[in-house]
Amino acid sequence: MAKYHLMVVLATVTAAVVECGATLASAHDEHGTHAISAGPAEIRDAWSPPSPPGIGTRAVYFTLVNTACAPLKVIGAESLDFAQVSIHESSTRNGIAMMTPATQLTLTAGETVSFAPGGLHLMLMGASRNFHEGEHFRIRLIFDDQDSLVFEATVGGAAAGGNHDHHRQHKDGHPDHPLAETGGS
Amino acid sequence: MLKRTVLLVLLAFGAPPAFAEGVKGVILDEPSPIAPFTLVDQAGEPFTLEQLKGRWSLIFLGFTHCPDVCPFTLANLGAVRGELSQLVTPEKLPQIVFLAVDPDRDRAVLADYVAHFDLAFVGVTGDRRDIDGLTTSLDGYYSLKKRGEHDKAYDVVHSAAVAFVTPEGSIRAKITPPFQPYNTAAYLYRLMREADPD
């Protein structure tokens, strides 16, 4: 029994190591125009719950994957559609709900972090306009090495993020103003 | 040892479906009466203790500019109400009351805010003293984290619990996140059945 467990653990570790190396090699081919830098990051299923009219504050949720073999440090976020974007974590302590700003978030090699309701989220304040269900807006996630990743969040339920994956772009690979193009429907 | 094992097995497999599975709640031994209060609802109509009488209520304390916890909780309470609608007749469905504790920012948007989640939701707010009165009755807490007179983007730290209030206006239980809709509905339904087996 113990041997079996050990084997499972070993297999998992091996798989993680292979994936870490393989991602670096294949990501560029798989995703064409999405240029990948050394130490790529990936965002999956970015969504933002529909908000009532008149409320300029909203949250964005997604899954952030550090597909690199090195730590990934997120130091902030921005969006042309919002006056301020910050990384926040909601928590409940002794029955009291509170939000704590996170100035930095470090993902270890291969780590996946979920930004989900009631926990980590991007808090966006000062919306330039109301966003309706099905619309998208762009956010840039900024890393400590001056690199960044631009992704689109879809307004809707948890499934709204769909299967759209966004990969970290190298700074040389950015379009001139990637944030300027706001999606919509 | 054998006896204990049998008991554990019974607990794990022999018990009826766990009504409270995954529900974090505190049931009060003696329902705690809510003191009279005077607030206004989203339409500007008076909302007092009388509006809590005659039906069960779920009261949640929060603020409209809350980006994460409040929308998540209200959406879940809507889903809980949806599950309960499978178990009780419409007139017995609990009303969902959102106590908005940040009236300076809440008042203007409260009607749109509650309607966004569910047209059946009631949003109530009022003067600070009246908000504090109901907050105290709920054994709740909130604090506006204003960083200055002109701060318009402040956070509000507040109780995460939802009070389950009897048709007599007394708190029967308090539940805390996560509010898994099906299990929470089953939990509340059991309390309603205990109070009124018909």
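Our subject is the structure that appears above.
Residues numbered from 1 in each chain as written. Chains lettered and ligands numbered in written order. Predicted model: local features only at pLDDT ≥ 70, side-chain atom pairs only at ≥ 80, totals over all residues.

Engineer: How should the overall build of chain B be read in this particular structure?
Structural biologist: A count of helices and strands for chain B gives 6 helices and 10 strands. The proportion of buried residues among the 198 residues of chain B is 42%. The contacts of chain B with a sequence gap of at least 6 include a subset with a gap of at least 24, amounting to 70%. (Helix = DSSP H or I, 4+ residues; strand = E, 2+ residues; numbered from the N terminus. Buried ≥ 20, exposed ≤ 12 C-beta atoms within 10 Å, placed from the backbone. Contact = placed C-beta atoms within 7 Å.)

Engineer: Which parts of the structure should I look at to understand the overall build of chain A?
Structural biologist: When you go through chain A residue by residue, the secondary structure sums to 1 helix and 11 strands. For chain A, the succession of helices and strands along the chain, N to C, is α-β-β-β-β-β-β-β-β-β-β-β. Looking at chain A residue by residue over its 185 residues, the buried ones come to 34%. Considering only contacts in chain A between residues 6 or more positions apart, those separated by 24 or more positions represent 68%.

Engineer: Quick question: what am I supposed to make of the interface of chain A and chain B here?
Structural biologist: Accessible area lost during the coming together of the parts is what is often quoted as the interface size. Between chain A and chain B, the contact holds 20 residues from the first and 23 residues from the second. Listing elements by their share of the side of chain A that touches chain B, those giving two or more residues are β2 (58–66), β4 (82–93), β5 (96–101) and β8 (120–127) of chain A. Here the element with the most residues in the side of chain A that touches chain B is β5(A); it accounts for 4 residues. Class assignment of the residues belonging to the side of chain A that touches chain B gives a composition of 12 nonpolar, 7 polar and 1 charged. By the bridge criterion, 2 bridges tie β5(A) to strand β8 (residues 156–159) of chain B in an arrangement that is antiparallel. (Nonpolar A, V, L, I, M, F, W, Y, C, P; charged D, E, K, R; others polar. Pairing = 2+ DSSP bridges.)

Engineer: Could you clarify how one ought to interpret the nonpolar core in this entry?
Structural biologist: Soluble globular proteins tend to pack their nonpolar side chains together in the buried interior. Ile59(B), Phe60(B), Phe98(B) and Leu99(B) are the most contacted members of the largest nonpolar core, which has 54 residues in total. Per-element tally for this core: the top contributor is helix α2 (residues 69–84) of chain B, with 7 residues. Judged by nonpolar contacts, the second largest core, of 31 residues, contains Ile43(A), Trp47(A), Val65(A) and Val155(A). (Core = buried A, V, L, I, M, F, W, Y, C linked by C-beta atoms within 7 Å.)

Engineer: What's the story with helix α6 (residues 181–195) of chain B in this structure? I'm lost.
Structural biologist: Residues and elements named next belong to chain B. When the terminal C-alpha atoms of α6 are compared, their 21 Å separation across 15 residues agrees well with the 21 Å that a helix rising 1.5 Å per residue should span. Taken as a whole, α6 has its buried residues at Thr184, Ala185, Ala186, Tyr187, Leu188 and Met192. Tucked inside the fold, the buried residues of α6 contact β1 (24–33), α2, β9 (162–165) and β10 (170–176). (Expected span 1.5 Å × (residues − 1).)

Engineer: Could you clarify how one ought to interpret the sheet that holds β1(B) in this entry?
Structural biologist: In a beta sheet, neighbouring strands pair by backbone hydrogen bonds and run either parallel or antiparallel. All names here are of chain B. On the basis of which strands lie adjacent, the open sheet formed by 8 strands has the order β1-β10-β9-β4-β5-β6-β2-β3 and mixed pairing. The open sheet has two edge strands with one neighbour each: β1 and β3 (46–48). Each strand axis lies, on average, 30 degrees off the axis of its neighbour in the sheet, ignoring direction. In the sheet, strand β2 (residues 38–41) pairs with strand β6 (residues 122–125) via 2 bridges, with the strands oriented antiparallel. The residue of β6 that forms the bridge with Val40 is Thr125. On top of the sheet, α2 reaches β4 (57–62), β5 (95–100) and β9; it is set at about 170 degrees to β4, its chief contact. Each of β2, β4, β5 and β6 is contacted by helix α5 (residues 128–137), which is oriented at about 105 degrees to β2, the strand it contacts most. (Axes fitted to C-alpha atoms, helices over the stretch in contact; angles between N-to-C directions.)

Engineer: How should the environment of Val113(A) be read in this particular structure?
Structural biologist: Residue and element names in this part refer to chain A. On the secondary structure map, Val113 appears in strand β7 (residues 112–115). In the structure, Val113 is positioned 32 residues away from Asp145 in sequence and 19 Å away in space, judged by C-alpha atoms. Leave out the neighbours within four places in its chain, and Val113 touches Leu64, Leu107 and Leu120.

Engineer: Looking at this model, I keep getting lost on the packing of α2(B) against α6(B). Mind explaining?
Structural biologist: Helices that pack against each other are described as a pair by the angle of their axes relative to one another and the distance between those axes. Residues and elements named next belong to chain B. Where α2 contacts α6, the axes come no closer than 8 Å and their chain directions differ by 60 degrees. The orientation of α2 with respect to α6, classified from their angle, is oblique. Helix-helix and strand crossings are classified by hand; for α2 and α6 the assignment is right-handed. Contact with α2, carried on its side by Asn76, Ala79, Val80, Gly82, Glu83 and Leu84, involves Pro181, Tyr182, Thr184, Ala185, Leu188 and Tyr189 of α6 and no other residues of that element. Looking at the contact of α2 with α6 residue by residue, the class counts come to 8 nonpolar, 3 polar and 1 charged. (Parallel < 35°, antiparallel > 145°, perpendicular 65-115°, else oblique. Left-handed = near helix turned anticlockwise from the far one by under 90°.)

Shape is all these values report; function is a separate question.
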